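Fold and geometry: a report
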Amino acid sequence: MNLRRSLVSAALVAAVVSPAAVFSAVPAFAAPASTAQTGSDSGSIAELEQAAADAAKAYQAAVANEAKVQAELSAFLDDSQPYLGEYQAAQAAAVKAAAAKDAANKEAEEASLAYGHAAEADLPKAKERMLKAIAVANAAIAADEKAKAAVAAARTALDDARVEAFRRLHAAGQATKAAAAAKAAADQALADARAAAAKPVEQPAEKPAEQPAAQPAQKPAAVTPVSNTTKTSTTTNKSAASTTATTSRTSTTQATTGSATELADTGSNPATPYLATGAGLAISLGAAALYVSRRKPATARSGS
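Residues numbered from 1 in each chain as written. Predicted model: local features only at pLDDT ≥ 70, side-chain atom pairs only at ≥ 80, totals over all residues. Heavy atoms only, no water.

**Looking at the overall build of the chain**
- A tally of regular secondary structure across the chain gives 6 helices and 0 strands.
- Along its sequence from the N terminus, the chain presents helices and strands in the succession α-α-α-α-α-α.
- Partitioning the contacts of the chain with sequence separation of at least 6, the portion at a separation of at least 24 is 88%.
- Total accessible area on the chain is roughly 19,400 Å²; 60% of this is exposed by carbon and sulfur atoms. (Helix = DSSP H or I, 4+ residues; strand = E, 2+ residues; numbered from the N terminus. Contact = heavy atoms within 4.5 Å. Areas by Shrake-Rupley, 256 points an atom, 1.4 Å probe, with all protein chains shown as cover.)

See below:
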C-alpha cells in the first residue's frame, strides 16, 4: 500500500511539475536591441562642405548682382534714355502743333470775317480763302491732339521704365536675402555635422531578457485507500485516474497560460511545442504509474 501511494504521488507531482520544468528550460528568444546609429561619416560631411561652398558662391553672386542693378538704377535716374529723349521730343512736337493750331484758327477766323465783309465782286475769292483756312485749322487741331497723345505715351513709357528699374532692384535685394539665408543654413548644418562627428558614439545597454516565473507545484490530490473488494478497487481506480487526469489538465492549463503570458512579455513564441510535449509526457507517466500500482494487487489476488 505504501509503495502504491508513493508511485501515485510521484505520478501526480510529475504531472504538475513537468510542464513548468519543461517551460523553464526553454530559452526566451528576446528581440535583440537595435544597434545605435553612428555619427555622420566623412562622406556626409564632405557633401555638406560642398553645399556650404556652393551657398557661399551663390550669396556672393547675389550681392554682386544687387550692386550692379543699383548702379544701373542710379544711372537711369540721372539720364533715363531713351525714354527721356522720346518724351522730350514729343513735348517739343506738341508745342509746335499747338502753335500751328492757334495760327490756323486765327487765319480761319480772319478769312471768315473777310468773307462776310467782302464786296459782291470779291465774294468768290473770299470764299475760297475762308474754306482753305478752315481746312488748315481742322488739320492743325488733329495734329495738336496727336502730339498731345504722343506726349502722354512717352511719359507713360518713361514712368514704366523707372518702375521696372526699381522692381529689378527690389528683386535683386530679395535674392540677396534668400542667398544669405541659404548660406546660413548650410553653414549651420555643416557645423552641426562636425560637432556630432566629434562626439563619441554611446552604445545603449542591452536590456536582459526576462525569465518566466516558475509555476508553483500543486499539492497531489488525496488518493482513496484501495479495499479488498474488486468493485471498490475498480471504482477507486476510475476515481484516481479521473483525479490524476483532472489535476494534470489543470496543471497543464496553468503552465500553458503562464507560459503564454511570460512569452508574450518577452516576445517569445517557440515554447509552445515544448510545453505541449512536456504536458503530454507527464500525463502519460502519471497514467502508467497509476495503472501499474492498481494492476499489481489485482493480479496478486487473482493468482492466490
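What follows picks up the thread again.
**Quick word on the nonpolar core**
- The biggest cluster of nonpolar side chains holds 9 residues, and these are Leu84, Tyr87, Ala90, Ala94, Ala97, Ala147, Val151, Ala154 and Leu158.
- Among the elements of the structure, helix 3 (83-117) and helix 4 (123-198) are those that each provide at least two residues to this core.
- Looking at this core element by element, the count peaks at 5 residues for helix 3.
- Residue contacts for Ala90: discarding those within four places in its chain leaves Ala147, Ala150, Val151 and Ala154. (Core = buried A, V, L, I, M, F, W, Y, C linked by side-chain atoms within 4.5 Å. Buried < 20%, exposed > 50% of the residue type's maximum accessible area, 1.4 Å probe, protein only.)

**Re the pattern of salt bridges**
- Taken as a whole, this structure holds 9 salt bridges when the rule is applied.
- For the salt bridge of Lys101 with Asp144, the shortest nitrogen-to-oxygen distance reads 3.5 Å. Placement of the pair is Lys101 in helix 3 and Asp144 in helix 4, with a sequence separation of 43 residues.
- For Asp144, a relative accessible area of 1% puts it in the buried group.
- With its nearest N and O atoms 3.2 Å apart, the salt bridge here joins Lys183 to Asp187. In this pair, Lys183 and Asp187 are both assigned in helix 4, 4 residues apart and thus about one turn of the helix distant.
- Lys183 gets classed as partly exposed once you look at its relative accessible area, which sits at 26%.
- On the basis of relative accessibility, which here comes to 33%, the residue Asp187 falls in the partly exposed class. (Salt bridge = Lys/Arg side-chain N within 4 Å of Asp/Glu carboxyl O.)

**Focus: the packing of aromatic side chains**
- Taken as a whole, this structure holds 1 aromatic pair when the rule is applied.
- Ring centres of Phe76 and Tyr83 lie 6.2 Å apart, and the angle between their planes is 75 degrees; on these two criteria the pair is classed as edge-to-face.
- The ring centre of Tyr87 lies 5.4 Å from the NZ or CZ of Arg155, which sits over that ring. (Phe/Tyr/Trp six-rings, centres within 6.5 Å; stacked < 30°, edge-to-face > 60°. Lys NZ or Arg CZ within 6 Å of the ring centre and 35° of its normal.)

**A few points about helix 3**
- Look at helix 3: 51 Å from first C-alpha to last across 35 residues, which is about the 51 Å you get at 1.5 Å a residue.
- All of the buried residues along helix 3 are Leu84, Tyr87, Ala90, Ala94, Ala97, Lys101, Ala104, Ala108 and Ala111.
- Packed against the buried residues of helix 3 are helix 4. (Expected span 1.5 Å × (residues − 1).)

**Observations regarding the environment of Leu84**
- With respect to the helices, strands and loops of the structure, Leu84 is situated in helix 3.
- The spacing of Leu84 and Ala154 is 70 residues in sequence and 7.9 Å in space, taken between C-alpha atoms.
- Here Leu84 is in contact with Asp79 and Leu158, once residues within four sequence places are set aside.

**Concerning the side chain of Ser80**
- When you line up the elements, Ser80 lands in the loop between helix 2 (42-78) and helix 3.
- Ser80 gets classed as buried once you look at its relative accessible area, which sits at 1%.
- Beyond its immediate chain neighbours, meaning those up to four positions away, Ser80 contacts Gly85, Leu158 and Arg162.

**A look at the environment of Ala58**
- With respect to the helices and strands, Ala58 occurs in helix 2.
- Sequence-wise, Ala58 and Thr176 are 118 residues apart; in three dimensions their C-alpha atoms are separated by 8.8 Å.

**Some remarks on the packing of helix 3 against helix 4**
- It is at 7 Å that the axes of helix 3 and helix 4 come closest, and there the two elements cross at 160 degrees. Considered as vectors, helix 3 and helix 4 are oriented roughly antiparallel to each other. Helix 3 and helix 4 meet at a crossing whose hand is left-handed.
- Each residue belonging to the contact of helix 3 with helix 4 can be placed in one class, and the counts come to 31 nonpolar, 3 polar and 9 charged. (Axes fitted to C-alpha atoms, helices over the stretch in contact; angles between N-to-C directions. Parallel < 35°, antiparallel > 145°, perpendicular 65-115°, else oblique. Left-handed = near helix turned anticlockwise from the far one by under 90°. Nonpolar A, V, L, I, M, F, W, Y, C, P; charged D, E, K, R; others polar.)

**What to know about unusual backbone geometry**
- Note that the residue after Gln81, namely Pro82, is joined by a cis bond; omega there is 5 degrees.
- With respect to the helices and strands, the residue Pro82 is situated in the loop between helix 2 and helix 3.

**Quick look at the confidence of the model for the chain**
- For the chain, per-residue confidence averages 73 on the pLDDT scale, and residues scoring 70 or more make up 54% of the total.
- Put simply, helix 5 (residues 230-266) is where the chain has its lowest mean pLDDT, 44, and helix 4 is where it has its highest, 95.
- Across residues 1-40, where pLDDT falls below 50, the model places 74 contacts with residues more than four positions away in sequence or in other chains.
- Scored below 50 in pLDDT, residues 220-268 shows 65 contacts in the model against residues more than four places distant or in partner chains. (pLDDT = per-residue confidence, 0-100.)

**Things to note about the side chain of Asp144**
- A polar contact is formed between the side chain of Asp144 and the backbone nitrogen of Ala98, at a distance of 3.2 Å.
- Here Asp144 is in contact with Ala94, Ala97, Ala98 and Lys101, once residues within four sequence places are set aside. (Polar contact = N/O pair within 3.5 Å; in protein donor to acceptor, adjacent residues only side chain to side chain.)

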